[in-house]
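Given next are the chains, with one letter for each unit.
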Amino acid sequence: MPLFDYAPAPESRSIVSLAPSYGLFIDGEFTEAKGTFKTINPADEEVLAEVALAAPEDVDRAVAAARRAFESWSALPGSERAKYLFRIARILQERAREFAVLESLDNGKPIKESRDVDLPLVAAHFFYYAGWADKLKYAGLGPDPRPLGVAGQVIPWNFPLLMLAWKIAPALATGNTVVLKPAETTPLSALFFADVCRQADLPPGVVNIVTGAGDTGRYLVEHPDVNKVAFTGSTEVGRQIARSVAGTGKKLTLELGGKAANIVFDDAPIDQAVEGIVNGIFFNQGHVCCAGSRLLVQESIASPLLEALKRRMSTLRVGDPLDKNTDIGAINSKAQLDRITELAGVGSDEGAERWSPPCELPDRGFWFAPTIFTGVTQAHRIAREEIFGPVLSVLTFRTPAEAVEKANNTPYGLSAGIWSDKGSRILAVADQLRAGVVWANTFNKFDPTSPFGGYKESGYGREGGRHGLEAYLA
Amino acid sequence: MTATATSRLSHLADSPADLRTFLHGLPGVDKVGIEARAAALGTRSVKTTSKAQAIDLAIRMVDLTTLEGADTPGKVRALSAKALRPDPADPTCPPVAAVCVYPAMVPTAAAVLAGSGVHLASVATAFPSGQAPLEVKLADTRDAVAGGADEIDMVISRGAFLAGDYAKVFDEIVAVKEAAGPAHLKVILETGELATYDNVRRASWLAMLAGADFIKTSTGKVGVNATPPVTLLMLEAVRDFRERYGRQVGVKPAGGIRTTKDAIKYLVMINETCGDDWLSPDWFRFGASSLLNDLLMQRTKLTTGHYAGPDYFTLD
């Protein structure tokens, strides 16, 4: 029995009132659909609500509503559109606690992350793009950049509301209208966002939310009256979308998978590097496309660094996502848990050494203990494939050149991290890394002003910052 | 300490250049990172039974302090009495760890505390500036011990440290340690004057290498006193030092810790950095005066369910 244990400190879920079922948000109204599916709390497998399954005719209605709304929305002066976005941002701030609890319920992420990371970033994103709405002429995209029309947007389950913000905020600021499909396992925060749109008096049809599975998403991106497709998700689906959109004239941005290298040099600030490694791979249960899932550590400090990492991992608290002291929550779905379990099994079979701190996992729900594999080489599958879970592969290197070579030796290129006390080395190495985001002495830091996106199979186009406007303007 | 570790230590002390190389070879500290980590630990939610447990532990860790020019025997006697029975209304409330006073007040406090188990700490070595000849510092220390202090809170020469004369700082600590004899030696780094986290880490190791039983952040007499990131860094230092040399050293943040909420943040920091071994008054202290009353107020709130006004808690 430890001398000082933290008593349970659950955030109350009473702030969220869930309806038994939700329809599709089309043209400013919630409407029924023929089919439905259930969304569950991954921490205890309890059904949270029934959600409408959008059929092709529903998507047609949504796209038609967005098309109708486009005419007047795009004609509004930027300063008027900005008012709506500012209003949305403020409402999201006011309802932040409700949304944080909802997000943790539907996604499984710890409340401290939904409360301290997701929601503040969501509001910041709307505030940021609200500021751009009347300054598009000065964005460096020509004297009079025009919106594209209807944007079909498909988002993943790892940051449901944040990915919605990344998609919707720039689209609306630039005068486009939106049909958004949230992920099948995490539809609720998008449906609550629909309510925010009504609260903000956003004109009907500017934002439409269609819930469903892969088929709904496919129908949406292939819809002939969609002018712009934005997708965040797996590289496999991204490839299909690129294929279906090719030759149609639709503008496309893809933000796909990653297998980021987190490079620790021997002169790194060790304690902070350990923190950064933990944050890099265990943040959001490792369900992060830019997660630092490959640790490249200089061989001369590998053993003390790993000792320190293991010691730190032993203090991670896995469990109830709504407990304010939880560091690692639930895996989002059974399917994802199976994939993580399978790939971790492959790691062991291929001879890497597996370690997890002792931790008790709840009986119900989907859980995976934080895990590291040491003795991993470039030839191991766990060094090449995206696991999208709390599993870290540790590799070593001898020289900066070898570090760069190994870091770049992946089909992905979304992010990377460098840990060193030497500024010149950080700049030199960052210059050679083929990754869209390179963090120095930090990891997984996001800001609406900073463009985000990948190289190679991690996708194309940028979201966030001034660059994020480009995807929605012609 | 093992024989080899000891010989390595004395070897470092023999050569100022080796000492410097060693201290400058310690891993750097990233300012943004350590501040973020300390802030993150500050968001732990400690409620109900854990809070009650934490409050009692924090009370037992308090070095109840008065270090004013205006201190009188009467004031020190009152403070010492409070140290023994912080909450006269509740006999289950534990005593604090120690009383901390100037050397001149040591005999007065000793008369009250004798045989109680509450330690008596005295600042010494020309506290708070440390700007006095070594002989004066040593005499100061000997006087305090002779008067009955069993803990000595010394200050390092920040001037010498910032000038890069680590050997001088080292030698002074060794000399004070010797003068303190059986008394526990707490070495005050005055981190607010060291300015950078790299310096704090070096000064921590320097003090530990020279024989400190405790490393303490501050005198409480400068603009910046104990902060969570500095204390976190010092906790990492004592943890790493024990791993390397096998000797455990305590940590004492001092100055500016006034609320139960703050105190609990420090306990969380110990818990998740060093673990159980440091969660004891033998290895962690709060140098504070007003903190105690807030702890008592929160303690009463937990037991009775309502807040009592400040007049229900004793002054001093």
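Conventions used here
Residue positions are counted from 1 within each chain, in the order its sequence is given. To read the labels, note that chains go from A and ligands from 1, taken in the order they are written. Where local features are concerned, this predicted model is filtered to residues with pLDDT of at least 70; where side-chain atom pairs are given and counted, the filter is 80 or more; whole-chain, interface and lining totals use all residues. Helix and strand assignments come from DSSP, with helices taken as H or I runs of at least 4 residues and strands as E runs of at least 2, each series counted from the N terminus. Field definition: a residue is buried when 20 or more other C-beta atoms are found within 10 Å of its C-beta, exposed when 12 or fewer are, and partly exposed for counts in between, with C-beta atoms placed from the backbone. Each domain's limits were defined by an automated method or a database of domain assignments. By definition, residue pairs are in contact when their C-beta atoms, positioned from the backbone, come within 7 Å. Polarity classes work like this: nonpolar for Ala, Val, Leu, Ile, Met, Phe, Trp, Tyr, Cys and Pro, charged for Asp, Glu, Lys and Arg, and polar for all others, with Gly in that last group. A helix is expected to reach a length of 1.5 Å times the quantity of its residues less one. Strand pairing is assigned whenever DSSP identifies at least 2 bridges connecting the two strands. Note on geometry: axes are lines fitted to C-alpha atoms, helical ones only across the stretch in contact, with angles between N-to-C directions running from 0 to 180 degrees. UniProt positions are given in the numbering used here, feature names are shortened, and annotations may be inferred rather than shown by experiment. Angles are sorted into four bins: roughly parallel if under 35 degrees, roughly antiparallel if over 145, roughly perpendicular if 65 to 115, and oblique for all others. By arc we mean the arc of the directions from the helix axis to the C-beta atoms, nothing more. Left-handed describes a crossing whose near helix is turned anticlockwise from the far helix through less than a right angle; right-handed describes the clockwise counterpart.

Colleague: Whenever I open this one, the overall build of chain A confuses me. Can you help?
Modeller: Of the regular secondary structure elements, chain A holds 14 helices and 18 strands. By its C-alpha atoms, chain A is 65 × 50 × 35 Å across when sized along the principal axes. For chain A, the residues scored as buried account for 57% of the 474 residues in total.

Colleague: I keep staring at the domain arrangement of chain A and nothing clicks. Help me out?
Modeller: Size of an interface: often given as the accessible area lost when the parts come together. Residues and elements named next belong to chain A. In terms of domains, chain A is made up of domain 1 (13-256 + 456-470) and domain 2 (261-440). When each unit is reduced to the centre of its C-alpha atoms, the spacing between domain 1 and domain 2 is 30 Å. Contact residues are listed per partner, giving 22 residues for domain 1 and 26 residues for domain 2. Partitioning the side of domain 1 that touches domain 2 into residue classes produces 7 nonpolar, 6 polar and 9 charged.

Colleague: Help me understand the environment of A:Thr410, please; the structure alone is not making it clear to me.
Modeller: All names here are of chain A. Here threonine 410 lies in the loop between α12 (400-408) and β16 (415-419). In this structure the C-alpha to C-alpha distance between threonine 410 and serine 189, which are 221 residues apart in sequence, comes to 34 Å. Those residues in contact with threonine 410 that sit more than four places away from it in its chain are Lys259 and Arg384.

Colleague: What exactly am I supposed to notice about helix α9 (residues 166-180) of chain B here?
Modeller: Given 3.6 residues per turn, any residue in an α-helix points the same way as the ones three and four places further on. All names here are of chain B. Between its first and last C-alpha atoms α9 spans 21 Å; for 15 residues at 1.5 Å apiece the expected length is 21 Å, and the two agree. Along α9, the residues that are buried comprise Tyr166, Val169, Phe170, Glu172, Ile173, Val176, Lys177, Ala179 and Ala180. One or two positions beyond α9, positive phi appears at glycine 181, with a value near 60°.

Colleague: Which parts of the structure should I look at to understand the sheet that holds strand β5 (residues 46-53) of chain A?
Modeller: Residue and element names in this part refer to chain A. The strand order β1-β5-β4 describes an open sheet built from 3 strands, whose pairing is mixed. Of all the strands in the sheet, the pair left with one neighbour each is β1 (21-22) and β4 (35-41). Where β1 and β5 come together, 2 bridges link them in parallel fashion. Looking at β5, one finds that tyrosine 22 is bridged to valine 51.

Colleague: What is the right way to look at the sheet that holds strand β5 (residues 184-188) of chain B in this model?
Modeller: In a beta sheet, neighbouring strands pair by backbone hydrogen bonds and run either parallel or antiparallel. All names here are of chain B. With parallel pairing, 8 strands are arranged side by side in an open sheet as β7-β6-β5-β4-β3-β2-β1-β8. Edge positions in the sheet fall to β7 (250-252) and β8 (286-288), since each has one partner strand and no second. Within the sheet, the average angular offset between the axes of one strand and its neighbour, ignoring direction, is 25°. Bridging between strand β2 (residues 98-101) and strand β3 (residues 119-123) involves 4 bridges; their strand directions are parallel. Among the inter-strand pairings, alanine 98 is bridged to a residue of β3, identified as histidine 119.

Colleague: Can you walk me through the interface of chain B and chain A in this structure?
Modeller: Between chain B and chain A, the contact holds 24 residues from the first and 20 residues from the second. With 5 residues, helix α4 (residues 48-60) of chain B is the single largest residue contributor to the side of chain B that touches chain A. Broken down by class, the residue content of the side of chain B that touches chain A amounts to 8 nonpolar, 9 polar and 7 charged.

Colleague: Sorry, what's going on with the UniProt feature "domain: Aldehyde dehydrogenase" (unreviewed entry) in chain A here?
Modeller: Taking the UniProt record as the reference, the feature "domain: Aldehyde dehydrogenase" (unreviewed entry) is found at residues 33-473 of chain A. Helix makes up 41% of residues 33-473 of chain A and strand 16%, whereas the separation of the span's terminal C-alpha atoms amounts to 33 Å.

Colleague: Mind showing me how you'd approach the packing of helix α3 (residues 31-41) of chain B against helix α12 (residues 228-245) of chain B here?
Modeller: When two helices pack together, their arrangement is given by the angle between the helix axes and by the axis-to-axis distance. All names here are of chain B. Interaxial distance between α3 and α12 falls to 8 Å at its minimum, and their mutual angle equals 100°. Classified by the angle their axes make, α3 and α12 are roughly perpendicular. Contacts between α3 and α12 involve Ile34, Glu35, Arg37 and Ala38 on the former and, on the latter, Pro228, Pro229, Leu232 and Leu233. Grouping the constituent residues of the contact of α3 with α12 by class yields 6 nonpolar, no polar and 2 charged.

Colleague: Could you clarify how one ought to interpret helix α8 (residues 235-245) of chain A in this entry?
Modeller: Residues and elements named next belong to chain A. Among all positions in α8, only Val237, Gly238, Ile241 and Val245 are buried. Down the axis of α8, the buried set is contained in an arc of 105°. They therefore lie on one face. In this structure, α8 carries Glu236 and Arg243 as exposed residues pointing more than 90 degrees from its buried face. Considering only its buried residues, α8 is in contact with α7 (214-222), β9 (228-232), β10 (251-255) and β18 (459-460). Of the residues trailing α8, glycine 247 is marked for its positive phi of about 85°.

Colleague: Whenever I open this one, the packing of helix α5 (residues 160-173) of chain A against helix α6 (residues 188-199) of chain A confuses me. Can you help?
Modeller: Residue and element names in this part refer to chain A. Two numbers describe how α5 lies on α6: the axes approach to 8 Å, and their chain directions differ by 55°. Viewed along their axes, α5 and α6 adopt a mutual orientation that is oblique. Here α5 and α6 pass one another in a crossing that is right-handed. Each of Pro160, Leu161 and Leu164 in α5 lies in contact with α6, whose residues at this interface are Ser189, Ala190 and Phe193. The residue inventory of the contact of α5 with α6, partitioned by class, reads 5 nonpolar, 1 polar and no charged.

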